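# Structural characterization, general
Take a look at the letters that make up each chain.
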Amino acid sequence: MPQVTFIEHNGTAHTVEAELGKSLMEAAVGNAVPGIDADCGGACACATCHVFVEPEWEAKTGARTEAESAMLNFAAEVKPNSRLSCQIPVTAELEGLVVRMPEGQH
Amino acid sequence: MSDTAQQQIVIVGAGHGGGAVAASLRQYGFKGGITVFGTEPIPPYQRPPLSKAWLKGEADAASLALRPPAFYDKADISLRLSTTVTAIDRTAKTVTTDSGETVGYDWLILATGARARRLPIPGMDLAGVLELRTAADADQLKAALGPGRKLAVVGGGYIGLEAAASALALGATATVIERESRVLARVASEALSHAYQTAHRKRGVTIELGAQVAALEGADGHVTGVRLGDGRLVPCDVALVGVGAVANVELARDAGIACDQGIIVDLAARTSDPAVFAVGDCTWRPLPHYGRDFRLESVPNALEQARQAAGAICGRAPAAPEVPWFWSDQFDLKLQIVGLPFGATHTVLRGDPATESFAVFHLADDNSLRAVEAVNMADAFMAGRLLISKGSQLAADKICDMSIAMKDLAQP
Ligand SMILES: Cc1cc2nc3c(=O)[nH]c(=O)nc-3n(C[C@H](O)[C@H](O)[C@H](O)COP(=O)(O)OP(=O)(O)OC[C@H]3O[C@@H](n4cnc5c(N)ncnc54)[C@H](O)[C@@H]3O)c2cc1C
Ligand code: FES
């Protein structure tokens, strides 16, 4: 299982094992990483699983889906490397992935 | 925060709200004891997938869990499953359980949720007549569905329509029987109802509107059909009754806590007893954006109130009230609703329902936005959320103009 790292806004890092085929959001929630709320449980409906993908990883995490883009356009603190982590499938390629989290999801 | 280490919190109900309030308490630094009692045998889980991804077989049981099982031990939260709280003694500050145990509390949080409404008609006790509220209900429904099976859904609400859509994905057929002249009659605009009827029929669901249900009929104790008021029979192997939910208020009411259609709470989720909070489907709560009280049945509501209660107990400053919202997934239709149509006098359509990508904007007389129902149009939902919270007024001719981006509408 690939290891991925979530960095909280205050700098605290959480490295967890992410199950292949599940979403990056599920890896965070399943390991009780604080800072990913995921209110809708991955339905791409709430935008409370927002992360910033470190630039060197953007190619491997892929492009935003259309619905995801529409959600992110209105999320707080949105940046060009913003993603909804429930829309990023965990693949073997993501071994070592680092994402950062915004100050809050609400 | 005052020193909480010596305090005891009892949470009644280990559902979405009960699980969330326990987690929020620890996140906000509560140091004392937390005990969560739940009637169901499994740790807090998410109900929305029970009629959607899980029912279709696209999500496994583990993915339903609100938190990983190890979380509760690590966070020192005592989960007391398969245990029902039967009484509250507010003078002694104790609760009693069905195993005869009495447990004291400094703070009590009620998260008892709601239960499926039952129909007063013959045949409700036949095998194969199901409701859909719990994981156990969902297991039964899933086991009864499959290629060639016939599902009859009594009630054209969100859960019934989602179940019908999932049944088709499993190769079953589905007939939705609705008493009103349109599906989603209590919870959606006419435009939305019509779009969903069309979408379901187009994909193969049969919908009977304005249809009374006289009885559920069976053979050898198992359901075989739904008898309509006009005498027709809708044959089925399994009948799902989804005609709304009733708040579980009895425990609170018997203890003398003020109730309406739910347990009455304020914006800190506090009940008429300052030591008792209530969160989620069981509450009757203020809606500050609408100047009235209401009962909401949604995950975002349970989560907001969980944060309100935990924040109040931990002495945090209250957060700004959220605009209520909800989602529903049926087939490839992604519905997101924000706000409530209270005070709305007219609607404006953005996009064309025939394309299955559109939004209904609900406006008050002064053109202030009250609600948005968005189908496959996430930006209209997100913009609506912002605009309603700001109390913004909108020009109708701009909303329906698809050449104006939602982003520009949201920043007038
Ligand atoms: C099939 C289905 C689909 C849904 N889809 C959506 C959706 O798409 N979006 C959305 O926002 N919402 C959806 N909802 C609604 C959402 O699941 C609820 O709003 C949410 O679960 C409310 O949380 P709660 O904690 O208030 O109640 P619940 O999650 O119902 O939890 C209450 C718990 O308390 C227990 N309990 C009750 N009394 C006692 C007692 N005396 N002692 C001990 N335990 C007790 C009950 O057994 C239950 O486990 C759906 C609901 C269902 C059933
Ligand atoms: S979990 Fe809700 S959008 Fe990702």
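These figures come from a predicted structure and were not determined experimentally.

## Overview of the pairing of strand β1 (residues 3-7) of chain A
Residues and elements named next belong to chain A. β1 sits mainly inside the fold: four of its five residues count as buried. Bridge analysis of β1 against strand β2 (residues 13-17) gives five bridges, and the strand direction is antiparallel. By the bridge assignment for β2, Thr5 is matched with Thr15. Taking the residues between adjacent antiparallel strands as the criterion, β1 and β2 are bridged by five residues, where Gly11 takes a positive phi near 100°. As defined by bridge partners, β1 adjoins strand β5 (residues 98-100) across three bridges and the pair is classed as parallel. Directly across from Ile7, in β5, lies its bridge partner Arg100.

## A word on the sheet that holds strand β6 (residues 102-104) of chain B
All names here are of chain B. Judged by pairing direction, the sheet is antiparallel, and its three strands sit side by side in the order β4-β5-β6 without closing on themselves. Each end of this open sheet is capped by a strand with a single partner; those strands are β4 (85-89) and β6. Strand-to-strand, the axes of this sheet are offset by a mean angle of 25°, without reference to chain direction. With four bridges joining them, β4 and strand β5 (residues 94-97) adopt antiparallel strand pairing. What sits directly across from Val85, in β5, is Thr97.

## Structural notes on the nonpolar core
By size, the foremost hydrophobic cluster in this structure holds 92 residues, and its most contacted members are A:Phe6, B:Ile11, B:Leu25, B:Ile109 and B:Phe361. The element contributing the most residues to this core is helix α9 (residues 378-390) of chain B, with seven residues. Taken domain by domain, the makeup of this core includes at least three residues from each of domain 1 (8-115 + 246-313) and domain 3 (332-408) of chain B. Formed by 39 residues, the second largest nonpolar core is a distinct cluster that contains B:Leu50, B:Leu132, B:Leu145 and B:Leu335.

## Here we look at empty space enclosed by the protein
Residues and elements named next belong to chain B. Under the counting rule described, the total for this entry stands at one cavity of 30 Å³ or more. In this model, the largest cavity occupies a volume close to 50 Å³. Forming the boundary of the largest cavity are Leu296, Ser298, Pro300, Asn301, Glu304, Glu322, Val323, Pro324 and Trp325. A total of three residues in the lining of the largest cavity trace back to one element, the largest contributor, which is helix α8 (residues 299-313).

## Thoughts on the domain arrangement of chain B
Residue and element names in this part refer to chain B. Partitioning chain B into structural domains gives domain 1 (8-115 + 246-313), domain 2 (129-243) and domain 3 (332-408). Inter-centroid distance (C-alpha atoms) of domain 1 to domain 2 is 30 Å. At the interface, 13 residues of domain 1 touch 15 residues of domain 2. Carbon and sulfur atoms make up 62% of the surface buried where domain 1 meets domain 2, a total of about 1300 Å² over both sides. Together, Ser51, Trp54 and Leu55 form the three largest contributors to the area buried by domain 1 at its contact with domain 2, with a combined 43%. At the boundary of domain 1 and domain 2, one finds two salt bridges. Where domain 1 meets domain 2, there are eight residue pairs in polar contact (both at pLDDT 80 or more). Split by residue class, the side of domain 1 that touches domain 2 holds six nonpolar, two polar and five charged.

Criteria and cut-off values
- Residues numbered from 1 in each chain as written.
- Chains lettered and ligands numbered in written order.
- Predicted model: local features only at pLDDT ≥ 70, side-chain atom pairs only at ≥ 80, totals over all residues.
- Heavy atoms only, no water.
- Buried < 20%, exposed > 50% of the residue type's maximum accessible area, 1.4 Å probe, protein only.
- Helix = DSSP H or I, 4+ residues; strand = E, 2+ residues; numbered from the N terminus.
- Pairing = 2+ DSSP bridges.
- Axes fitted to C-alpha atoms, helices over the stretch in contact; angles between N-to-C directions.
- Core = buried A, V, L, I, M, F, W, Y, C linked by side-chain atoms within 4.5 Å.
- Domains from an automatic or database assignment.
- 1 Å grid on protein atoms, 1.4 Å probe; cavity = no way out; pocket = protein on both sides within 12 Å on 5 of 7 lines; lining within 4 Å.
- Points joined across faces, edges and corners; volume = space filled by probe spheres on them.
- Contact = heavy atoms within 4.5 Å.
- Buried area = accessible area lost by both parts, 1.4 Å probe.
- Salt bridge = Lys/Arg side-chain N within 4 Å of Asp/Glu carboxyl O.
- Polar contact = N/O pair within 3.5 Å; in protein donor to acceptor, adjacent residues only side chain to side chain.
- Nonpolar A, V, L, I, M, F, W, Y, C, P; charged D, E, K, R; others polar.

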